[in-house]
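Commentary on secondary and tertiary structure
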Amino acid sequence: MQHNLLILISLLIILSNLFLLGSSRTRAMLRGIAAQGVLLSILPFLFPMHKSGLVSIIVPAVLSITIKAILIPYFLHRVIQRVNTENALNPYIGYPVSVIIGLLISYGSFLFIEKLPFSYLSISPFTTSAAFASILIGMLIISTRRNVIAQIIGYLVFENAGFILGISISSTMPLFIEIGIMLDLLAGIFIMVVAVSRIHILFDSVGTQKLERLNK
Amino acid sequence: MIINICLSIAAALVLSPLLGGIINKTKAFYAGRKGSPVLQLYFDLFKLFRKESVISTSATFIFQAAPAIIFTSTLAATIFVPFIPGLPAPSFTCDFILLFYLLGLSRFFLIISALDTGSSFEGMGASREAFFSALAEPVTFVTILTMLRLGGGTSIQAAFRGLSSESWIIIILTAVPFFIVMLAENARIPFDDPNTHLELTMIHEVMLLDNSGANLALMEWAASIKLWLFSLIIVKILLPAEILTPAAYTGLTILAVPAVAVITGTVESVMARASLLKVPQLLFSAGIIAFLGFFLSLNQFLGW
Amino acid sequence: MIKFKLSSLPIFSESEFREKALGLTSSGCRISSFFASAVEGKRKLYLVLSDDEAGTVQVITTQPAAVPGNSGELSFHTLTTENPAFHLFEREIFEQSGIRPEGHPWLKPVRYPDRRPAETDFFRVEGSEIHQVAVGPVHAGIIEPGHFRFQCHGETVYHLETAHGFQHRGIETNLIGGPRPADLCKIEVTAGDSSIAHSTAYCRILEVLSETAPPARAEAIRAIALELERCANHIGDLGALAGDIGYLPTSSYCGRIRGDFLNMSALICGNRFGRGVIQPGGTGFDLSDKIKEQLLARLSAGRDDFISAVSLLWDSPTVLARFESTGTVSQEASEQIGMVGPAARASGCGRDIRQNHPSGIYRTDCPKIAVSDKGDVFSRAWVRWLEVKESIDFIEKLLQGLPSGDVFIDGAQKPAADTLAVSLVEGWRGEVCHTAITGTDGRFSSYKIVDPSFHNWFGLALALRDEQISDFPVCNKSFNLSYCGFDL
């Protein structure tokens, strides 16, 4: 049962990644990343070897649902409303193509994890593969999108992947490190949101190509 | 085998108009209406068969022959998906290609009969139908290939093993895109609106605009047989054949096919029709899910 | 509503008129009406301009010059080339009076009173990949007749031209020689769904010409009837929009709720479209306390039903995705072609006669004006949603504070002689403008009706530019313009 659920959650994470890759609307992306936050919060319950008890299950779950599924999407929603970013910024790689790339990445990471010698260490290689795919897809989003909000979401995918990878390989992480990472993330997103608002006020756009011009 | 073929055809002929009625009743329920009777489609067919056909003077023999060809080829496709298990069924290597190309044949004649009338509306409908079905076809074949890989055979019978404990996730990843394809192929919301009267937005219905009387009845009947066939395939993808006795399997099939209609009606009620520009995206996402299922079926990742 | 003695109206020379017309329209004035009328055998052009900022209406006139060498034919230099909002008005003038706007870029008939539109009459996009799609005048639904001609490239619409006149009944010419008691019935069917708006505009013309002021209670009942009309039609439109995109729940519920609101009008006067409520000098019906209580109860039930039915639309992402960025009319375009009503407010033009040129009860109190800014189908639906809620609140307020007294005052049937009167009413589609000119005998020598549809049909054509042809029905419904109000 637990095994099946793990596979289901991992698949849903992969599908949400593909959804993020394929959606042109930042609001839709927000829904996707919030859904991913909810999925993440289920994961700690599915890894049975927690030795340090219920607290180490509940705390990451509660943290990820409040921070990743509620707070961060809410901040980003606010900033989207504020800057009223329209989705006219075409990505460097088109949406359908990036979804296909994402699909191949996901398949490739399964093959890759299968080849790795340490796969027996991992409790659920399936989840590990999903996490590995998420890392690459997060990078893909960051590198192909021009819209700052989309890039922040890419960063979140990347960060979620770290969480999954950690939990699927070691199953326990010291609790305070977990909390620390989450709070860091929250602060980071908060800073980014403020920065984006400022950038918008300054340039009347959140396209990153304008920032390149700033460099010169 | 003859018995099974006869049974399949009889079931498709007799039961298929029921599905449209169930879908409409479901939609009426969500809209807070009483709705038309479940048997309305039977009444309509009966009425249409007694009416005479008016044929446009600009139409050629293609237009007149098309309804019969569409009807027979759709009906012929049903024999590969037997209604009752256990009995010998027509089956040979790669028969699924024949199945879907029989449906393709009927679509081909639907399209050229629409073009044959020379109406600008029907021309637009035909072009949309051709475009969207071309997008739906690869999804169909990927789902069938996945099923075949799991079933370990090359005929469509092998694909119908149903849910099992080790491959349930792949089955789900196949049934969902196939359901989306079913909605697209049968002109349901979000792809097309079967109830609309607005010619400019129609896909399937607009191609029937010039048909009347018995010809229209054949087209409508063929459309409901197609819906029946797709619903039956979905049910067979899902129902675990190995666990159930033939009697239980048949009973569950009889229950599950209307359930597919109810689900379709629910989807139609909670969703608005997508813009035609979004249709390729929807089919594309279905394709992505289908491919994910296909990839998972290639290796033994699920056993991890 | 405002009146001018004909003798006090300055007659400009054509060049002065042109300069003044273009100057005023570029500095915030909007064309409410532009027509030709013959007073004492001399044909003149009357341009009614309303300034929404200042809340004033001005009328400027000119006498067009005779075409040299052609006895009897008059002409003036077209204004359309400078300001596209004149486009349809000048075509109408040419069709009705024969005065030729020289240099008009697209001088074809507006209503085809004598003949059917011909194939060659439509604007054509050339090229081997362009195809034309002709829709109507007979449509698939039970709607009015009108012809649409699309120039398409594949599924994309490059241009849409609308052809009307299938419902032309000659209402304006029929009214000349009035006022007669039966005229009110003709006015009420100018656009059957805007009975109240048109009959209010007509009655105000008579009242201002005869200097009778209807009692306060009558004004309140008029406003209630007008807002009920607005609610019923907006609700019907929201339902029809949902129906067009195949979203059945809202479509079915709104169909019923629209009926509830029509029945509220029926409760007042016995007619679901409010025929007979508005009379020159007041209203034909009074509200008893019993009816008042019943109306209040039905209103609050109607509001609950409406809110729950339409909230389904806003909660459904597939609906929003379908509505958003479909059929966009920019604020700039909307200003340029002089759009009015909810369609203009959806594009960010916050003009509303109830606020800008108030009359009757609206002078003391006015519902909040709903504005949206995207100009797409979503905005037009959203403005309707806001307006219905505001209107229901407003009706409740009026019912609770209904002034006492009579509802009718006699004497409104005797208009002053040699006068021009303009009356503006915000119908549910937008500005309804009636302009009347009386002769020496105190009878109408000219009566001009401008339905909001006359301003807005071109907006629909703009909304369709570069859109999918399959989006036409939903765009059309989001404007829901009148065919018979245009055809007169």
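Parameters and conventions
- Residues numbered from 1 in each chain as written.
- Chains lettered and ligands numbered in written order.
- Predicted model: local features only at pLDDT ≥ 70, side-chain atom pairs only at ≥ 80, totals over all residues.
- Heavy atoms only, no water.
- UniProt positions renumbered as here; feature names shortened; annotations may be inferred.
- Helix = DSSP H or I, 4+ residues; strand = E, 2+ residues; numbered from the N terminus.
- Rg over C-alpha atoms; globule rule 2.2 N^0.38 Å.
- Buried < 20%, exposed > 50% of the residue type's maximum accessible area, 1.4 Å probe, protein only.
- Areas by Shrake-Rupley, 256 points an atom, 1.4 Å probe, with all protein chains shown as cover.
- Lys, Arg positive; Asp, Glu negative; His and termini not counted.
- Charge placed at Lys NZ, Arg CZ, Asp CG, Glu CD.
- Pairing = 2+ DSSP bridges.
- Axes fitted to C-alpha atoms, helices over the stretch in contact; angles between N-to-C directions.
- Contact = heavy atoms within 4.5 Å.
- Buried area = accessible area lost by both parts, 1.4 Å probe.
- Salt bridge = Lys/Arg side-chain N within 4 Å of Asp/Glu carboxyl O.
- Polar contact = N/O pair within 3.5 Å; in protein donor to acceptor, adjacent residues only side chain to side chain.

Looking at an unreviewed UniProt entry, one finds chain C named NADH-quinone oxidoreductase subunit D domain-containing protein and attributed to Candidatus Thalassospirochaeta sargassi.

As annotated in an unreviewed UniProt entry, chain A carries the name Hydrogenase and is attributed to Candidatus Thalassospirochaeta sargassi. The record held by UniProt for chain A lists under Subcellular location (unreviewed entry) the comment "Cell membrane".

This paragraph deals with the overall build of chain C. Counting secondary structure elements, chain C contains 16 helices and 16 strands. Radius of gyration (C-alpha) of chain C: 22 Å, near the 23 Å computed for a compact globule of 488 residues. In terms of overall dimensions, chain C has a C-alpha envelope of 70 × 65 × 40 Å along the principal axes. A buried classification covers 61% of the 488 residues belonging to chain C. Entry remark: accessible area of chain C is about 17400 Å², with carbon and sulfur atoms responsible for 52%. The positive charge centre, built from 48 side chains, and the negative charge centre, built from 61, are 4 Å apart in chain C.

A negative phi angle characterises most non-glycine residues, just as the trans form characterises most peptide bonds. Cis peptide bonds are those with omega within 30 degrees of zero, and the linkage from B:Ile189 to B:Pro190 qualifies with 5°. Mapped onto the elements, B:Pro190 comes out in the loop between helix 7 (168-185) and helix 8 (213-238). For C:Glu211, which is not a glycine, the phi torsion comes out positive at approximately 55°. Relative accessible area serves as the criterion here: at 63%, C:Glu211 is assigned to the exposed category. At C:Asp418, a position not held by glycine, the phi torsion is positive, near 50°.

A separate point is the sheet that holds strand 15 (residues 431-438) of chain C. All names here are of chain C. Overall, antiparallel pairing links the 4 strands, which are arranged 1-14-15-16 in an open sheet. The sheet terminates laterally at strand 1 (2-5) and strand 16 (444-450), the two strands that pair on one side only. Within the sheet, the average angular offset between the axes of one strand and its neighbour, ignoring direction, is 10°. Bridge analysis of strand 15 against strand 16 gives 6 bridges, and the strand direction is antiparallel.

In this complex, chain B contributes 28 residues to the contact, which on the side of chain C involves 29 residues. Across the chain B/chain C interface, buried area totals approximately 2200 Å², and carbon plus sulfur atoms make up 61% of it. One can count 1 salt bridge joining chain B with chain C. C:Glu155 is the salt-bridge partner of B:Arg128, the closest N and O atoms lying 2.7 Å from each other. Between chain B and chain C we count 5 residue pairs in polar contact (both at pLDDT 80 or more) in total. For the side of chain B that touches chain C, the secondary structure elements donating two or more residues are helix 1 (2-30), helix 5 (120-151) and helix 9 (246-270) of chain B.

Residue and element names in this part refer to chain C. Structurally, the position occupied by alanine 416 is in the loop between helix 13 (377-400) and strand 14 (419-426). Considered as a pair, alanine 416 and arginine 443 are 27 residues apart in the sequence and their alpha carbons are 8.4 Å apart. In contact with alanine 416, other than residues within four places in its own chain, are Leu209, Thr438 and Gly442.

This paragraph deals with the UniProt feature "transmembrane region" (unreviewed entry) in chain A. Residues and elements named next belong to chain A. As annotated by UniProt and renumbered to match this structure, "transmembrane region" (unreviewed entry) occupies residues 6-22, 29-47, 53-76, 88-113, 119-141, 148-169 and 175-196. Taken as a whole, residues 53-76 contains 92% helix and 0% strand, while its terminal C-alpha atoms sit 34 Å from one another. Annotation note: span residues 148-169, helix share 100%, strand share 0%, distance between end C-alpha atoms 32 Å.

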